[in-house]
Every structure is written in structure tokens, then in C-alpha cells.
Amino acid sequence: MAHAQHLGPEVHAPVAPGRLPLLGHALQLWRRPIAFLESLREHGDIVRLDIGTWPVHVLTSPEHVHSVLVQRAQQFGRGRIFDRLRPVFGNGIVTTDGDFHRKQRRMMQPAFHRNHIAEYAEVMCRQAEAMSGSWTAGREISMVTEARGYAMASVAEMIFSGDLSRPAVEEVHRSLPIVLEGMLVRAVMPKSLDRLPIPYNRRFDGAAARLRQIIDQVIEQYRAEEKTARGDRHDLLSLLLAGVDSETGSTMDAEQVRDEVIAIMFAGTETSATTLSWIFHELGRHPEVEARVHAEVDAVVGSRPVRPADIPALTYTNNVFQEALRLHSPLLFTRRALAPLTLGGISIPAGAELAYSPYALHRDPVLFPDPAVFDPDRWQHGASERARTHSYVPFGAGQHKCIGDSFAVAEILTAVATVASRWHLKPAPGVTVRELPAGIPQPSELPMIPVARKVQHSSHMSGEMPQ
């Protein structure tokens, strides 16, 4: 490949301190990934770190992140983390790029139209009622387990309908957690270690294979059903199978549908469950915030179950969600330079990996004063200004912005409102909740005690669901 002509001397990014021979910064990333990524902003807007012998340029300023994701997006490919996730996601929109990615996005967009989101929200309301109705006052629950169960059940019911999907839903509950746990490790681990016959690899590969296999079977059954003229389903899988590209008239083959379903399952489960867990953790630590959420939910919802139409009116509850998402954001995303370029005066060679951490960006004290403080009121004013400065990117930005962001907002706010209308959730005493590194840092554990509220749902306050 011909080298690009440089008019002046190349300027290289400063290297993060603490690089070791052969290991680079891998040990720091392994031991304390969150603190290490946050520390990089002190060393410049673009900082180089080495994972083993693999160099990565980390962007610590919102302007550079916006430039790479939006303004100059066509100069960048998906990057190594996405390459490493291909065994799970195949060629879904999570891992692909360019014309193929644009075509897939066009074909999937109708499934996330606001009319369908309203239908999915009915499912979420039912599942949230089932979750909060299964609790008993005073009996400890694991909020991490409850949130993941709610998110998985909502997403599974939204994707698949009827008896055909029961084995698929069971497999999702069994295999998805294993895949989720392994993804961050798989993403940063050298590829040469993938094939080692260690238990970790066997569990991860086995779970990924089972997930793909069971969804393939369901798709086959759906297609067989269509041939017998009974295809009157309105779930997401049916929408994807029926989707036609408006520009080319083409449809997705079964393998492509499978890859997209896995991507939707991952995003709709993991991100939502983790954010939901953190919201309840923060409400448990901030009774004055919880009291305002309860007051708003009482005013909007009253004593009946939550409905999809209630969600837009829950403005303060939405501020709580945004603030929890700011404090507990995705840890790391990557892009790859497709040709040599200059960014912020720094020379970036072709093939170089760039990374950015929404987590570190959202805790930058220059962008968010008192960044460690949980303050939903910071979203009351100036949210549009923040969007303009590109300092808040929980769902990404540009052509790869999360396609299901409005789905996630509905899923989370429905659960918060449903729980708030019925329960106070008190943190279990004597437990220190720590952040565990993952795609989105997760609570180490989150035991909480439901305390029945005096005001709402008096007919089934005991934990019984109305029949």
C-alpha cells in the first residue's frame, strides 16, 4: 500500500505511563480497568496504550469522539472489539460496516418504529407487573437477578411468540449470561488464546453455539408455519423475516435474521438489566430522589397498573434514568482507521485501533461538575446543550447509534414506574456494592428488601398478582 504524503513531521500520541515489556498496559487494564481508563484523560486528548503488543489510541475528548463517530465516520471501520465478538453476533448490525450495515439497518428500522415500540411496551408492562407482583414484603431479593429476569422475559416475548419459542426462551436464560460474562474478556484477550481447551473457552463457545442453534431451529419452524399460511404473528422475529429492503427489494436470509436476533437479545437484556439495577441501587442510596419518583408515579399512574402512554409524562423519572446511565456507562468501544489520517494534530496510521470510553467521558469533571455525585436535576436544564457538545453518548452516535435506544428507554422506565407504584426498595444492610468490570460495569451484588408502600395497589399488596 502506498504511504500517504505528510507535509510535516509525524506527531505521535503520548504513551500512557506504566507500560511493561511484552505486556504493555495489559496488567493495569486487567487489574483496575475502570480507574485506568479514567486516568488517561490526564495525559492528553489522544493517549496511546498497548495491550500486549497491540497499540490502541484512546480518545478522551468528546470532540474527537464525535469526529470519529459522526463527522469522519466513513474513515473508520468497526475495530477489534467488534471483530472479536463475531463468533457470537455473526454478521449482525453490531459487527458490520459500510453498505451492508446500512442495508441491514434499513431493513430492521421498521421493527423499531414507534407503533411497534408501543406494542412491545404492553409486553414490558405485563412483565414488570409479574416481577413486582412476585415479591413479598420484607423478603430479600437480588435486584441484579430480578432485573435480568425481567429484561430477558420482556425481550424474549417481544422477539418470539407462542409455544414454539419456549425452548428458545429457556436457552436464552441459560446461555446468554455465560456469553455476556465472557464477552469483555474475549474482546481484549489475544486471539491465539481462543482455541486453548480451558474451561472458560469451552463454556463460552458452548453457550454461543447453543444460542445460535436454538434460534436457527425457531426460524426454521416460523418459515414452515408461513408456508402453511398461518403466519399471522406480530413479533419481532416475524417482522425481520418479512422485512424487505426498500432500495433493493431483497430480504434477509435465515442466518442473517439469526445474527440480528442475537444482537437484539444481547442489547435489550444486558444494557437494560444493568442500568435498571443501578437505578434501584441509586434510589436506595438517595431516599429524597426516590420520594420524588414515587410522587411523580403516583400523580401520573395512580392506583392502576402502568400503561405505555404513561411513560412520556414521567419526566423526573427519566432524569433519574439518564443520571444512572451517565454514572454507569459502557466501558469501551473501538474503531479502526481505514487509511492514514491526522486527528487533533496526531498522526494515526492505517489499521490503527482507536478506542473511547463512554464511562470515562461521562465522569469527566470538566464536562460534568461533581461527576461522582448522583444528581438527576443536572438533566433538568441544559440536556440539549450537552447533546450539542457531544459529551453524553450512552447509545453511541452517528451511523452506528443504537437502533433500539427508544426500546431501552421504554423497557427501563416501565419497570421503574411499576416497582415505584408499589414498593420502596431498601438496600440490605451490611452490603458494599462494588462495580465489576464488564461491557457496562455491573453491581457485584445488589440485595434489596421490598417494603410495601401504603398508597397504591392495596388489593394485591401482599405480593399476589390479581387474576
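Residues numbered from 1 in each chain as written. Predicted model: local features only at pLDDT ≥ 70, side-chain atom pairs only at ≥ 80, totals over all residues. Heavy atoms only, no water.

1. Details of the packing of aromatic side chains
If you walk through the whole model with that rule in mind, you get 5 aromatic pairs. When the ring of Trp135 is compared with that of Trp423, the centres are 6.3 Å apart and the planes differ by 45°; the resulting orientation is tilted. Here Trp135 is found in the loop between α7 (114-133) and β4 (141-142), whereas its partner Trp423 is found in strand β9 (residues 423-427), with 288 residues between them in sequence. The rings of Phe368, Trp379 and Tyr392 are connected pair by pair, giving a single aromatic cluster. Over the face of the ring belonging to Phe368 we find Arg326, whose NZ or CZ atom lies 5.3 Å from the ring centre. (Phe/Tyr/Trp six-rings, centres within 6.5 Å; stacked < 30°, edge-to-face > 60°. Helix = DSSP H or I, 4+ residues; strand = E, 2+ residues; numbered from the N terminus. Lys NZ or Arg CZ within 6 Å of the ring centre and 35° of its normal.)

2. Re the sheet that holds strand β12 (residues 447-452)
The strand order across the open sheet formed by 3 strands is β4-β12-β9, and the pairing between neighbours is antiparallel. Whereas interior strands pair on both sides, the edge strands pair on one side only; in this sheet they are β4 and β9. Where β4 and β12 come together, 2 bridges link them in antiparallel fashion. The partner of Ser142 across the bridge, within β12, is Pro447. (Pairing = 2+ DSSP bridges.)

3. Quick word on the sheet that holds strand β2 (residues 54-59)
By definition, the strands of a sheet pair up through backbone hydrogen bonds, in either a parallel or an antiparallel sense. Strand order in the open sheet formed by 5 strands is β1-β2-β8-β5-β3, and the pairing between neighbours is mixed. Looking at which strands have only one partner, the edges of the open sheet turn out to be β1 (46-51) and β3 (76-77). The pairing of β3 with strand β5 (residues 333-337) spans 2 bridges and is antiparallel. Residue pairing across strands places Phe76 opposite Ala337, the latter belonging to β5.

4. Some thoughts on empty space enclosed by the protein
Summed over the entire model, instances satisfying the criterion amount to 4 cavities of 30 Å³ or more. Reported here for the largest cavity is a volume of approximately 90 Å³. Forming the boundary of the largest cavity are Leu37, Arg41, Val58, Leu59, Thr60, Val65, Tyr356, Ser357, Ala360, Leu361 and Asp364. Those elements giving two or more residues to the lining of the largest cavity turn out to be β2 and α15 (358-361). Grouping the constituent residues of the lining of the largest cavity by class yields 7 nonpolar, 2 polar and 2 charged. Considered as a void within the structure, the second largest cavity measures approximately 50 Å³ in volume. Along the walls of the second largest cavity sit Val144, Ala147, Arg148, Glu270, Ala273, Thr274, Ser277, Gln442 and Pro443, which together make up its complete lining. (1 Å grid on protein atoms, 1.4 Å probe; cavity = no way out; pocket = protein on both sides within 12 Å on 5 of 7 lines; lining within 4 Å. Points joined across faces, edges and corners; volume = space filled by probe spheres on them. Nonpolar A, V, L, I, M, F, W, Y, C, P; charged D, E, K, R; others polar.)

5. Considering the confidence of the model for the chain
Chain-level pLDDT for the chain is 83 on average; 88% of the residues reach the 70-or-more range. Of the regions scoring below 50 in pLDDT, residues 1-7 engages in 2 contacts with residues more than four places distant in sequence or in other chains. Note that residues 456-467 has pLDDT below 50 and, in this model, 29 contacts with residues that lie over four places away or in other chains. (pLDDT = per-residue confidence, 0-100. Contact = heavy atoms within 4.5 Å.)

6. Thoughts on a nonpolar patch on the surface
Judged by side-chain polarity, Leu20, Leu23 and Leu27 come together as a nonpolar surface patch covering roughly 220 Å² of accessible area. Locating Leu27 in the fold gives a position in helix α1 (residues 26-31). Looking at Leu27, the relative accessible area reads 31%, which means it is partly exposed. (Patch = residues over 30% accessible without salt bridge, like charges linked within 9 Å, V, L, I, M, F, W, Y side chains within 5 Å. Areas by Shrake-Rupley, 256 points an atom, 1.4 Å probe, with all protein chains shown as cover. Salt bridge = Lys/Arg side-chain N within 4 Å of Asp/Glu carboxyl O. Buried < 20%, exposed > 50% of the residue type's maximum accessible area, 1.4 Å probe, protein only.)

7. Overview of helix α6 (residues 98-108)
Listed in full, the buried residues belonging to α6 are His101, Gln104, Arg105, Met107 and Met108. One face of α6 carries all of its buried residues, which in axial projection span an arc of 165°. Looking at the buried residues of α6, the elements they touch are α11 (236-242) and α12 (254-285). (Arc of directions from axis to C-beta.)

8. Topic: the pattern of salt bridges
Inspection of the entire model under this criterion finds 20 salt bridges. Between Arg19 and Asp50 there is a salt bridge, with the nearest N and O atoms lying 2.8 Å from each other. Of this pair, Arg19 sits in the segment before α1 while Asp50 sits in strand β1, and the two are 31 residues apart along the sequence. Across the pair Glu171 and Arg174 runs a salt bridge, and its minimum N-O distance is 3.2 Å.

9. Describing the environment of Ala168
Structurally, Ala168 can be placed in helix α9 (residues 166-188). Between the alpha carbons of Ala168 and Arg212 there is a distance of 9.9 Å; along the sequence they are 44 residues apart. Filtering out sequence-adjacent residues up to four positions away, Ala168 remains in contact with Phe160, Ile214 and Val218.

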